[in-house]
Amino acid sequence: MIRITDILDRISTYHPGADLDLVERAYVYSARIHEGQVRLSGEPYLSHPLEVAGLLTKLRLDTVSVAAGLLHDALEDTNATAEELTELFGPHVTHIVGGVTKLSRLSFRSSEARQAESVRKMILAMADDIRVILIKLCDRLHNMRTLRFHTERKQIKIAQETFDIYAPIANRLGIYWMKDELEDISFMYLFPHEYRDIENQVARKKEEQQAYIDNIKEMIHKKMAEAHLDGEVQGRHKHFYGIYQKMMAQQVSFDDVYDILGFRVILDTVQQCYEALGVMHSIWKPIAKRFKDYIGIPKPNMYQSLHTTVIGPFGERVEIQIRTREMDHVARDGIAAHWQYKEGAAADRKAGKVFAWLRKLVEEQKHVKDPNEFMETVRIELFPNEVYVFTPRGDVLTLPKAATPVDFAYAIHSEVGNQCMGAKVDGRMVPLKYELKTGQRVEIITSSNHRPSKDWLSFVKTAKARSRIRQHIKAEERKQSLALGREMCEKAFRKYHLSFNKCLKSGDIEKAVQELGYKTADDLIAGVGYGKVTPLQVVRYFVPKSELTEPRKTIVGRLKERIHRQKPKSGILVKGVNDILVRYGKCCNPLPGDPVVGYITRGQGITVHRTTCPHALSMDSARRIELQWAPEVDELYPVKIHVLCHDKMGLLASITGALSEAGANILDADVKTRADSRAECYFTVAVSGAKHLEEIMKCVNRIRHVIKVTRTAA
């Protein structure tokens, strides 16, 4: 366990003259309020805030941040109050601790809503003060380092959340050492077999690889000395998850991954970097399309470096990064490098550029209410893999990989996107779904009469484009529903010799609006157009009951009368009713235990989708309906799984035996062998639910030579 003296020594090293008294007081207070508390590991709870503070000093942050790190659990896990913290440590420390605490005190009806709102709070807190998320990342990193003390189920849940949210945030903030460690630990718990395999392979080759690293470093040093370049050369291994990504992307074995090792050349000036690049290319032949100039065009998180891949001395590929010492500092600590400031001074202005994507994300989240849609927006922004394209004026725009001209148009302005009818790339007309590449010049052709198409949602890549298209489609649908609802109401009111327009101005309409669960009269009329409310339900507020005929059923009611029962006992309940025709979406094959949503079709009952299904995310929200799985339904559901494995004799028999042992009836099987001595097996099996499927996949995953088991669409 790190000691407070170690933390104070580190601060003094990078920030002489810092207010160490603030940190010491925070430590004493934290020790007092956490006294008697113990972690799952059996260690005193104080060890956790100390480790978090130690990680913050590794990022070389100011004393306010370190003090807040020592107190980050004070408001959540103890009797400490915000007023007491402000009195003892000042408003800045309290503000940061409060920001971290808000990310934890959340309670929602579903895990999806809870995660979405937690991430939303985190993003807003990041935009308010970046130190909040830096502390949260350090908190998560130490929790991941001690994850072994949790149950297996909790380990997988926390590892998946870390992999999906925290590691990508560390990546976007440019803190690559933290991103690598978070990914590696998550990888270890999510894919233990693959992790151990790579760990053993790396250990087996360690001595041989170290000799290779020393050899290449010596050659680079010698050539640089001849060119009168004085710099530092570093050799490094890729982190385990990075190696696994390469293996999956290239569909090769560990022995065939060419750039497990990388080299870094660190110099004093930008000019020397380009000179060193020339030296590298004079020694070894560069590989076309494997050169990236992040000095000329920095990444959005201000990362700068020259990347090149060359054919090394033994015919193998060698990846080399070249950068200045300042660039290396930013590459190591990311945005934290711009926040390492003296007490009372403002943060580095360069940090403002780093916040560009964050400000954009904060802006986008204001327009997104659905939790699944919001999480989709966040994932798009957190996994960019950028391309750099030019506007007609020569400005550079950063877009996600595989972005289209429509994404480019919305990146310029929402109206440009809405009116986009065509695009030219390097002077040549291209389809709107064309995938842009780095270095291309893009020109958008607009028309004031043109409007976004729903089809665009199938190929746009940016959150802004997706959000704006959906907004426009919803606005158009509301407009049509409003017109249709008004027409239906006018017709129904005329039947009872009433003027709908006059009734709208009376006080009774407000009563109808409130009792039917709407905010405004327009919302109510649109609800009639959508089919959620019947016109006669509105009429009854203006006509005595004795004069009313029986009102028409709602859309769900009409379905119940028109559709035969599927089974005496269906696996799905529609708001407590189980006598409606139910179909299961073949695009996602939902199982009992999966979070699901229904879509009311025209004349064909309700189609059930998993909430993460792309079709569910793009469906008309007006026709969505809440569903729940019926309890204790004895029914089997088909689901398809993909097993990637090494092509070994008898392995297929082992897999089918494991499926049988786990109680899964095999409905269909398709096995293909590949040129790289691997096999892909697709099985359609009958299962009782998501939990049963999870047990089956674990059972298959334990078989030797099985690489990965995944659930797939039909």
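Conventions adopted
Residues numbered from 1 in each chain as written. Predicted model: local features only at pLDDT ≥ 70, side-chain atom pairs only at ≥ 80, totals over all residues. Heavy atoms only, no water. Helix = DSSP H or I, 4+ residues; strand = E, 2+ residues; numbered from the N terminus. Buried < 20%, exposed > 50% of the residue type's maximum accessible area, 1.4 Å probe, protein only. Contact = heavy atoms within 4.5 Å. Areas by Shrake-Rupley, 256 points an atom, 1.4 Å probe, with all protein chains shown as cover. Arc of directions from axis to C-beta. Pairing = 2+ DSSP bridges. Salt bridge = Lys/Arg side-chain N within 4 Å of Asp/Glu carboxyl O. Axes fitted to C-alpha atoms, helices over the stretch in contact; angles between N-to-C directions. Parallel < 35°, antiparallel > 145°, perpendicular 65-115°, else oblique. Left-handed = near helix turned anticlockwise from the far one by under 90°. Nonpolar A, V, L, I, M, F, W, Y, C, P; charged D, E, K, R; others polar. pLDDT = per-residue confidence, 0-100. Core = buried A, V, L, I, M, F, W, Y, C linked by side-chain atoms within 4.5 Å. Phe/Tyr/Trp six-rings, centres within 6.5 Å; stacked < 30°, edge-to-face > 60°.

(A) Structural view of the overall build of the protein. In terms of regular secondary structure, the protein is built from 29 helices and 21 strands. For the protein, the residues scored as buried account for 51% of the 714 residues in total. Considering only residue pairs separated by 6 or more positions, the protein has 65% of its internal contacts joining residues 24 or more positions apart. Summed over its atoms, the accessible surface of the protein is roughly 35,400 Å², and 50% of this surface lies on carbon and sulfur atoms.

(B) Fine view of the environment of Tyr682. Within the fold, Tyr682 resides in strand β20 (residues 678-687). Along the sequence, Tyr682 and Arg711 sit 29 residues apart, while their C-alpha atoms lie 9.7 Å from each other. Residues in contact with Tyr682, not counting those within four places in the same chain, are Lys640, Ile641, His642, Asp668, Ala669 and Asp670.

(C) Broad picture of helix α23 (residues 508-515). For α23, every residue scored as buried is listed here: Ile509, Ala512 and Val513. Angular distribution of buried residues about the axis of α23 spans 100 degrees; they occupy a single face of the element. In α23, those exposed residues whose orientation departs by more than 90 degrees from the buried face are Gln514 and Glu515. Elements in contact with the buried residues of α23: α22 (500-504), α24 (521-530) and α25 (535-539).

(D) Layout of the pairing of strand β2 (residues 261-267). Counting buried residues along β2, seven of its seven residues qualify, which places the element largely inside the surrounding structure. In β2, alternate side chains face the same way, and those of Leu261, Phe263, Val265 and Leu267 on one face and Gly262, Arg264 and Ile266 on the other are all buried. Where β2 meets strand β6 (residues 317-324), six bridges bridge the pair, whose relative direction is parallel. Each residue of the ladder has a partner; that of Arg264, found in β6, is Gln321.

(E) Highlighting the pattern of salt bridges. Here the structure, examined in full by the defined rule, presents 20 salt bridges. Ionic pairing is found between Arg3 and Asp6, a salt bridge with its closest N-O pair at 3.6 Å. For Asp6, a relative accessible area of 25% puts it in the partly exposed group. Residue Asp21 is joined to Arg25 by a salt bridge in which the shortest nitrogen-to-oxygen separation is 2.9 Å. Of the two residues, Asp21 and Arg25 are both situated in helix α2 (residues 20-33); the distance of four residues between them amounts to about one turn of the helix. Accessibility expressed as a relative area gives 40% for Asp21, which makes it partly exposed. When salt bridges with common partners are traced through the structure, they connect Glu152, Glu694 and Lys698 into a single cluster.

(F) Expanded view of the sheet that holds strand β9 (residues 420-425). A sheet is described by the order of its strands in space; here three strands give the open sequence β10-β9-β11, paired in antiparallel fashion. In this open sheet, the two edge strands, each paired with only one partner strand, are β10 (428-430) and β11 (442-446). The mean inter-strand angle of the sheet, taken between neighbouring strand axes irrespective of direction, is 35 degrees. Direction of pairing for β9 relative to β10: antiparallel, over a ladder of three bridges. Residue pairing in the sheet places Lys424 in a bridge with Met429 of β10. Of the strands in this sheet, β9, β10 and β11 are in contact with helix α19 (residues 405-412), which crosses β11 at around 80 degrees.

(G) Structural context of the packing of helix α3 (residues 47-58) against helix α4 (residues 63-70). Two numbers describe how α3 lies on α4: the axes approach to 7 Å, and their chain directions differ by 160 degrees. The angle between the axes of α3 and α4 places the two elements in the roughly antiparallel class. Between α3 and α4 lies a crossing whose hand is right-handed. Packed against α3, whose contacting residues are Pro49, Leu50, Val52, Ala53, Leu56 and Thr57, the element α4 presents Ser65, Val66, Gly69 and Leu70 at the interface. Across the contact of α3 with α4, the residue classes tally to seven nonpolar, three polar and no charged.

(H) Local environment of the confidence of the model for the protein. Summarising the model, the protein shows a mean pLDDT of 80, and 82% of its residues fall at 70 or more. Note on residues 103-110: pLDDT under 50 across the span, and 16 contacts to partners over four residues away in sequence or across chains. Every residue in residues 550-556 scores below 50 in pLDDT, and together they form 19 contacts with partners more than four places removed in sequence or on other chains.

(I) Quick peek at the nonpolar core. Counting 77 residues, the largest nonpolar core has Ile7, Leu71, Val93, Leu137, Met178, Leu182 and Ile198 as its most contacted members. Here the element with the most residues in this core is helix α9 (residues 130-145); it accounts for nine residues. Once residues lying within four places of it in the same chain are set aside, the contact partners of Leu71 are Ala26, Tyr29, Ser30, Leu85, Phe89, Val93 and Val97. Residues Ile606, Val608, Val706 and Val709 belong to the second largest nonpolar core, which totals 33 residues.

(J) Representation of the sheet that holds strand β14 (residues 596-600). As summarised here, the arrangement of the four strands in space is β13-β15-β14-β16, forming an open sheet in which the pairing is mixed. Two strands bound the open sheet, and with one partner strand each, they are β13 (582-584) and β16 (624-626). Each adjacent strand pair in this sheet contributes to an overall mean axis angle of 35 degrees, direction not counted. Two strands pair when backbone bridges link them, and β13 and strand β15 (residues 606-610) are joined in this way by three bridges, in the parallel orientation. Across the sheet, residue Tyr584 finds its bridge partner in β15, namely Val608.

(K) Fine view of the packing of aromatic side chains. Counted by the stated rule, this structure contains 18 aromatic pairs. Seen from their ring centres, Phe493 and Phe500 are 5.0 Å apart, and the 65 degrees between their planes marks the pair as edge-to-face. Each of the two residues, Phe493 as well as Phe500, counts as buried. Both rings, one in Trp629 and one in Tyr637, keep their centres 5.8 Å apart while their planes meet at 85 degrees; by these two values the pair is edge-to-face. In this pair, the class of Trp629 matches that of Tyr637, namely buried.

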